Amino acid sequence: YARDKEYVSANPCHKLLLGLKGVRKADLTIITPEQLKTFMQNIKEFDSRRRTYIQLYPICLLAAATGMRRGELLGLRKDAVDLHKGIIDIHAQVQECQADLPLKTQSSYRRIFVDKNVLSYIMEQSDTESPFVFSITKTHQFIYTALFTASFRRFYMAYAKPYKSFTFHSLRHY
């Protein structure tokens, strides 16, 4: 808009690199089942080697099992999970440092059926003092997106270099 109205001569965001350097949407790779298995083993090892306030493995496991978006995962509350029926109701998300935000579109509000073994594992790993399924261990608060992204990038730089164009979003397409 600003460029069309000639308020600026060039789009200042044009050269901004979002995500990983050199990765375009057209370059995203759908990983194979074998690659996913190795990826999940690596992320589990990464979590065990570095004792931090968040664990990536359970988040990535649920992402791969459901195709949920990052904000939906980070904003998932325990009261949205029915462990006995294997159901997750998606009705809120995290954006930046805010939780319980509405989803972008009406079709984003949905019910997901999840393998009960995966869901049981996720809930066993969950902090008992937090209303969120995934939380910062020390504070029991939701995991804000910048913290998750920084942790995932540290993992990626340490382990996932063979997957040149693999991003967390790639788990949605597995």
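Every residue gets a number counted from 1 within its own chain, in the order that chain's sequence is written. Local features are withheld for residues below a pLDDT of 70 in this predicted model, meaning they are given only at 70 or higher, and side-chain atom pairs are given and counted only at 80 or more; totals for whole chains, interfaces and linings count all residues. Hydrogens and water molecules were not included; the side-chain quantities draw on all heavy atoms of the structure.

*Asks:* How should the environment of G71 be read in this particular structure?
*Replies:* Only runs of H or I of at least four residues qualify as helices and only runs of E of at least two qualify as strands under DSSP, and these elements are numbered from the N terminus. Within the secondary structure, G71 sits in helix α3 (residues 70–74). Taking the C-alpha atoms as reference points, G71 and E96, separated by 25 residues in sequence, lie 8.7 Å from one another. Among all residues touching G71, those that are not within four sequence positions of it are Q93 and V94. Two residues qualify as a contact provided that any one of their heavy atoms is within 4.5 Å of a heavy atom in the partner residue.

*Asks:* Help me out: how do you make sense of the nonpolar core in this one?
*Replies:* A general trend in soluble globular proteins is that nonpolar side chains are found buried together. Only buried Ala, Val, Leu, Ile, Met, Phe, Trp, Tyr and Cys residues count toward a nonpolar core, and they belong to the same one when joined by side-chain atoms within 4.5 Å. To sort residues, take the accessible area from a 1.4 Å probe on protein chains only and compare it with the maximum for the residue type: under 20% means buried, over 50% means exposed, and anything in between is partly exposed. Residues F39, I43, L62, I88, F152, F168 and L171 are the most contacted members of the largest nonpolar core, which totals 44 residues. Put simply, the parts of the chain that give this core at least two residues each are α1 (33–49), α2 (56–66), α3, β2 (87–90), α4 (116–125) and α5 (145–159). Of all the elements, α2 adds the most residues to this core, at eight residues. Contact partners of I88, with chain neighbours within four places excluded, come to L62, M68, L76, A80, V81, R110, R111, I112, V114 and L119.

*Asks:* Help me out: how do you make sense of empty space enclosed by the protein in this one?
*Replies:* It is a probe the size of a water molecule, rolled over the atoms, that shows where empty space is left. For cavity detection a 1 Å grid was placed over the protein atoms alone, and a set of points counts as a cavity when a 1.4 Å probe fits there but cannot get out; an open set counts as a pocket when protein lies on both sides within 12 Å along at least five of seven lines, with lining residues being those that have an atom within 4 Å of a point. Grid points are joined across faces, edges and corners, and a volume is the space filled by probe spheres set on the points. Taken as a whole and assessed by the stated rule, the structure comprises one cavity of 30 Å³ or more. Of the voids in this model, the largest cavity is the one considered here, and its volume is about 60 Å³. Taken together, the residues of the lining of the largest cavity sort by class into four nonpolar, two polar and four charged. Gly is placed with the polar residues, together with every amino acid not listed as nonpolar (Ala, Val, Leu, Ile, Met, Phe, Trp, Tyr, Cys and Pro) or charged (Asp, Glu, Lys and Arg).

*Asks:* For this particular structure, what's the right way to read the packing of aromatic side chains?
*Replies:* Here a ring pair, both rings aromatic, is described through the centre-centre distance and the interplanar angle of the planes. Pairing of aromatic rings covers Phe, Tyr and Trp, the last through its six-membered ring, and needs centres within 6.5 Å; plane angles under 30 degrees mean stacked, over 60 mean edge-to-face, and all others mean tilted. Following the criterion strictly, the structure yields 11 aromatic pairs and no others. A centroid spacing of 5.5 Å and a plane angle of 15° characterise the contact between F155 and Y159, whose relative ring orientation is stacked. Of the two residues, F155 and Y159 both sit in helix α5, four residues apart, roughly one turn of that helix. Take F155: its relative accessible area is 0%, and that puts it in the buried class. Assessed through its relative accessible area of 18%, Y159 is described here as buried. Counting every residue linked through ring pairs, the aromatic cluster contains F39, F46, F148, F152, F155, Y159 and F168. Any Lys NZ or Arg CZ that is within 6 Å of a ring centre and within 35 degrees of that ring's normal is treated as a charge sitting over the ring. A cation over a ring is seen here: R77 above F132, with NZ or CZ 4.4 Å from the ring centre.

*Asks:* Where do I start with unusual backbone geometry in this structure?
*Replies:* With glycine set apart, most residues show a phi of negative sign, and most peptide bonds adopt trans. Phi at D100 takes a positive value of approximately 60°, unusual for a residue other than glycine. Phi is positive for H140, close to 65°, though the residue is something other than glycine. What makes H140 partly exposed here is its relative accessible area of 24%.

*Asks:* Can you walk me through the environment of Y144 in this structure?
*Replies:* Note on placement: Y144 falls in the loop between α4 and α5. Among the residues examined, Y144 registers a relative accessible area of 33% and is labelled partly exposed. A C-alpha to C-alpha distance of 6.9 Å links Y144 and V94, two positions 50 residues apart in sequence.

*Asks:* I tried to follow the pairing of β2 on my own but got confused; where do I start?
*Replies:* On a regular strand, each side chain points to the face opposite its neighbour's, so the side chains alternate between the two faces of the sheet. Criterion used throughout: strands pair if DSSP finds at least two bridges between them. Note that strand β1 (residues 81–82) and β2 share two bridges and pair antiparallel. Paired with V81 across the two strands is I88, which belongs to β2. Hairpin connection from β1 to β2: four residues lie between these consecutive antiparallel strands, with G86 at a positive phi of about 70°.

*Asks:* Which parts of the structure should I look at to understand the packing of α1 against α2?
*Replies:* When two helices pack together, their arrangement is given by the angle between their axes and by how far apart the axes lie. Note on definitions: angles span 0 to 180 degrees between N-to-C directions of axes, and those axes are lines fitted to C-alpha atoms, for helices only across the stretch in contact. Running from amino to carboxyl end, α1 crosses α2 at an angle of 155°, the nearest separation of the two axes being 8 Å. Our classification of the angle between α1 and α2 gives roughly antiparallel. Across from L36, F39, M40, I43, K44, F46 and D47 in α1, the residues of α2 making contact are L56, Y57, P58, C60, L61 and A64. Across the contact of α1 with α2, the residue classes break down as 11 nonpolar, no polar and two charged. For classification purposes, an angle smaller than 35 degrees is called roughly parallel, one larger than 145 roughly antiparallel, one from 65 to 115 roughly perpendicular, and anything else oblique.

None of the figures reported here should be taken as evidence of function without further support.
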